[in-house]
Amino acid sequence: MTLLELTVVTASYGPLQVLDGVSLSVPEGGSVGILGANGAGKTTTLRAISGTVRTGGRIRFDGRDIRGLRPDQVAALGIAHVPEGRGTLGQLSVRENLLVGAYLRKDRKAVAGDIDYCLDLFPQLQDRVGSRAAALSGGEQQMLAVGRAFMAKPKLLLLDEASLGLAPSTAKAVYEAIRRLRLESGIAMLVVEQNANLAFSLVDTATVLETGRNVLTGSSAELKGMDEIRRAYLGG
Amino acid sequence: MGTFIQLVVDGLATGSIYAALALAIVLVNQATGLINFAQGGMAVLSAYIAYVFVQLGLPLLLAIIISVVLSFLFGALVERFLLRRFERGDPDTAVVVTIGLLTLVTGISAVLWGYNNLAFPSLFPLTSVEILGAVVSVRSLATAVTIVVIMVVLQLLFLRTKLGLALRAVADNPASAAFSGLPVGRLLMVGWGLAATLGAIAGVLVAPQLTLTPGMLDTALVYALAAVILGGLSSPIGCVVAASAIGVLENLVAVYIPLIGHDLKIAVPFALIFVILIIRPQGLFGRKVVVRV
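Residues numbered from 1 in each chain as written. Chains lettered and ligands numbered in written order. Predicted model: local features only at pLDDT ≥ 70, side-chain atom pairs only at ≥ 80, totals over all residues.

If you look chain B up in an unreviewed UniProt entry, it shows as Branched-chain amino acid ABC transporter permease from Arthrobacter liuii. What UniProt states about chain B under its Subcellular location (unreviewed entry) heading is, verbatim, "Cell membrane". Quoted straight from UniProt, the Sequence similarities (unreviewed entry) entry for chain B says "Belongs to the binding-protein-dependent transport system permease family. LivHM subfamily." (UniProt positions renumbered as here; feature names shortened; annotations may be inferred.)

Chain A is annotated in an unreviewed UniProt entry as ABC transporter ATP-binding protein of Arthrobacter liuii. Turning to chain A, the UniProt annotation filed under Sequence similarities (unreviewed entry) states: "Belongs to the ABC transporter superfamily."

Put into structure tokens, the structure is as follows:
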């Protein structure tokens, strides 16, 4: 079953067109990567889905058209976006950030359990539950951002450059936790990642973007080591 | 000694006027990240609306309730149709817009009701009681109690309720809050509506004492802003404590330091702010804003 399907999606910031017909699909419980050089339109593709950029084409999620919805309406349908640069709520505590993630949920008891799950998934956050998010390290903020997205119990997680600005070992730890989250929760994921090794550790299939279009789509195994991939990452 | 206690008690009474307005300013700041300079002007408009309904023969309490409800709507509409256009841009622009709004609202009050002082009936009896040798009017006492109740309710709203959490999340980072499904626009409207409600309560509480004029709260706004800065923008309790301190201090200084007297006493809270902000930039009770890049 297809959960998310983009058909020839275009997007522009003012007069600047960034997406020029991107198509991709994410099956239920699947994990798909978006690869490509800087400026290829990876982040914009995620923003098109979550409703934070003006878009054309067709975006279907869970059997309904979601193009043109507001970000909070998209979130309410079960899509959680972890934006580039984390977007934690700096003046709120770690616990409050997680509670904001669960804002739309009505099952209060399960929410408490899921907070414990987040802290188990990211043990570094355990001592920091009362600290304000702005006081956390970059890695801890990234963990918190992922944890907050999980708290919404989404069907689909949009993950944008979770390794950005992190030390390699921290980035690896973050991805290991996300992989565990995927296995244990079955949440589908659409992953933008510059680091190919990290990306392939998490996704089953991937599509490569170049100047706002798909140029290649295949399974992780097929794509690993292909010349186009190297070119895409090096921007050549 | 009798004079001293009387001055302190009177100071606390005026302080509670500043506190009422300061609480509304803190509420808007916590819920939207802005400082609303029009808060006082909007509160005066609310008091005029209550006045109109009293003139129509409605009981005072009912008139106040109607005014409070209308104020909520007015605050929400101001956010939706005026501030909404400026929220995504530079916060400084939005603050200047609120100053313009203050001028506009004050002007509207003046056009509709003129500049003459109007007598506004008090909710509380005008009798006084004696506490520690000082004469305290029941009205001042009741006003102070009302302010403390509102302060506690606000503190609980922000720290203990889901709505409060959502309001703070939206003020912190609206774009990020939307990713968790928070209806940002509606929450901002609620924040402004609640602040206008609070302003309305402040307006009708102090109108009997100050008598109703379009500029009734202009001076109080200055003191309220001082209290907000002094107490910390994020702390309802802090701004009430600061407002009371300012009320008491200006009274004592005016009488005991002849050099300052009644003419210069408005400068006192600002001298105090100057000193305190050098020592504690986040205000007495505020939380330090930490930004990591």
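A. Representation of the interface of chain B and chain A within the structure. With 19 residues of chain B at the interface, the matching set in chain A holds 24 residues. Where the side of chain B that touches chain A is concerned, the elements lending two or more residues are α6 (162–172) and α7 (174–179) of chain B. In terms of residue count, α6(B) provides more of the side of chain B that touches chain A than any other element does, 5 residues in total. Of the residues assigned to the side of chain B that touches chain A, the class counts are 12 nonpolar, 4 polar and 3 charged. (Contact = placed C-beta atoms within 7 Å. Helix = DSSP H or I, 4+ residues; strand = E, 2+ residues; numbered from the N terminus. Nonpolar A, V, L, I, M, F, W, Y, C, P; charged D, E, K, R; others polar.)

B. Representation of the environment of B:Phe179 within the structure. Within the fold, B:Phe179 resides in helix α7. Distance in space between the C-alpha atoms of B:Phe179 and B:Glu130 is 57 Å, their sequence separation being 49 residues. Apart from the residues within four sequence positions on either side, B:Phe179 is in contact with A:Ser50, A:Pro71, A:Ala75, A:Ala80, A:His81, A:Pro83 and A:Gly87.

C. How the structure looks around the UniProt feature "transmembrane region" (unreviewed entry) in chain B. All names here are of chain B. Per the UniProt annotation, the sites labelled "transmembrane region" (unreviewed entry) are residues 6–27, 34–54, 60–82, 94–115, 135–158, 190–208, 220–249 and 255–279. For residues 34–54, the end-to-end C-alpha separation is 33 Å, with 76% helix and 0% strand making up the annotated structure. Along residues 135–158, the helical share is 88% and the strand share 12%, with 36 Å between the first and last C-alpha atoms.

D. Here's a closer look at helix α5 (residues 138–160) of chain B. Residue and element names in this part refer to chain B. Counted at 1.5 Å a residue, the expected span for α5 with its 23 residues is 33 Å, and the 32 Å between its end C-alpha atoms agrees. Those residues of α5 lying buried are Thr 143, Ala 144, Ile 147, Ile 150, Met 151, Leu 154 and Phe 158. As for α5, its buried residues are in contact with α1 (2–32), α6, α8 (184–210) and α10 (236–256). (Expected span 1.5 Å × (residues − 1). Buried ≥ 20, exposed ≤ 12 C-beta atoms within 10 Å, placed from the backbone.)

E. Looking closely at the sheet that holds strand β1 (residues 2–13) of chain A. Residues and elements named next belong to chain A. The strand order across the open sheet formed by 4 strands is β2-β1-β4-β5, and the pairing between neighbours is antiparallel. For this open sheet the edge positions go to β2 (16–27) and β5 (64–65), each flanked by a neighbour on one side alone. The pairing of strand β4 (residues 54–61) with β5 spans 2 bridges and is classified as antiparallel. Paired with Arg 60 across the bridge in β5 is Asp 65. Taken strand by strand, helix α1 (residues 42–50) contacts β1, β2 and β4, and its axis lies near 75° from that of β2. (Pairing = 2+ DSSP bridges. Axes fitted to C-alpha atoms, helices over the stretch in contact; angles between N-to-C directions.)

F. Region of the structure containing the packing of α1(B) against helix α2 (residues 39–55) of chain B. Residues and elements named next belong to chain B. For the pair α1 and α2, the least separation of the axes is 10 Å and the interaxial angle reads 120°. As summarised for this structure, α1 and α2 are arranged oblique, according to the angle between their axes. As for how α1 packs across α2, the hand of that crossing is right-handed. For the pair α1 and α2, contact is made by Leu 21, Ala 24, Ile 25 and Val 28 and by Gln 39, Gly 40 and Ala 43, respectively. Counted by class, the contact of α1 with α2 contains 5 nonpolar, 2 polar and no charged residues. (Parallel < 35°, antiparallel > 145°, perpendicular 65-115°, else oblique. Left-handed = near helix turned anticlockwise from the far one by under 90°.)

G. Structural detail: the sheet that holds strand β6 (residues 79–82) of chain A. All names here are of chain A. A sheet is described by the order of its strands in space; here 6 strands give the open sequence β6-β7-β8-β3-β9-β10, paired in mixed fashion. Each edge of the open sheet carries a strand with a single partner, namely β6 and β10 (213–219). Sheet twist, expressed as the mean angle between neighbouring strand axes with direction ignored, is 15°. With 4 bridges joining them, strand β3 (residues 31–36) and strand β8 (residues 188–192) adopt parallel strand pairing. What sits directly across from Ile 34, in β8, is Val 192. The sheet strands contacting α1 are β3, β6, β7 (156–160), β8 and β9 (205–210), and the helix crosses β7 at an angle near 145°.

H. The arrangement of the pairing of β9(A) in detail. Residue and element names in this part refer to chain A. Summarising the sheet, β3 and β9 pair through 5 bridges and their orientation is parallel. For Gly 36, the partnering residue across the bridge sits in β9 and is Leu 209. Bridging between β9 and β10 involves 6 bridges; their strand directions are antiparallel. Within the sheet, the bridge partner assigned to Leu 209 lies in β10 and is Asn 214. Between β9 and the antiparallel strand that follows it, β10, lie 2 residues; Thr 211 among them carries a positive phi value of about 40°.

I. Layout of α1(B). All names here are of chain B. Over its 31 residues, α1 extends 45 Å from the first C-alpha to the last, a length consistent with the 45 Å expected when each residue adds 1.5 Å. Burial analysis of α1 places 22 of its 31 residues in the buried class, the great majority of the element. Positive phi shows up at Gly 33, right after α1, with a value of about 80°.

J. Representation of the packing of α5(B) against α10(B). Residues and elements named next belong to chain B. Interaxial distance between α5 and α10 falls to 9 Å at its minimum, and their mutual angle equals 155°. By the angle class used here, α5 and α10 are roughly antiparallel. Residues Ile 147, Met 151, Leu 154 and Gln 155 of α5 lie in contact with α10, whose contacting residues are Pro 236, Ile 237 and Val 240. Here the contact of α5 with α10 is composed, by residue class, of 6 nonpolar, 1 polar and no charged.

K. Local environment of the nonpolar core. Residue and element names in this part refer to chain B. In this structure, Tyr 18, Leu 21, Ala 22, Leu 23, Ala 224 and Ala 227 are the most contacted members of the largest nonpolar core, which totals 169 residues. Per-element accounting of this core gives the leading share, 17 residues, to α8. Sequence-distant contacts of Leu 23, defined by excluding residues within four places in its chain, comprise Ile 150, Met 151, Leu 154, Leu 198, Pro 236, Cys 239 and Val 240. (Core = buried A, V, L, I, M, F, W, Y, C linked by C-beta atoms within 7 Å.)

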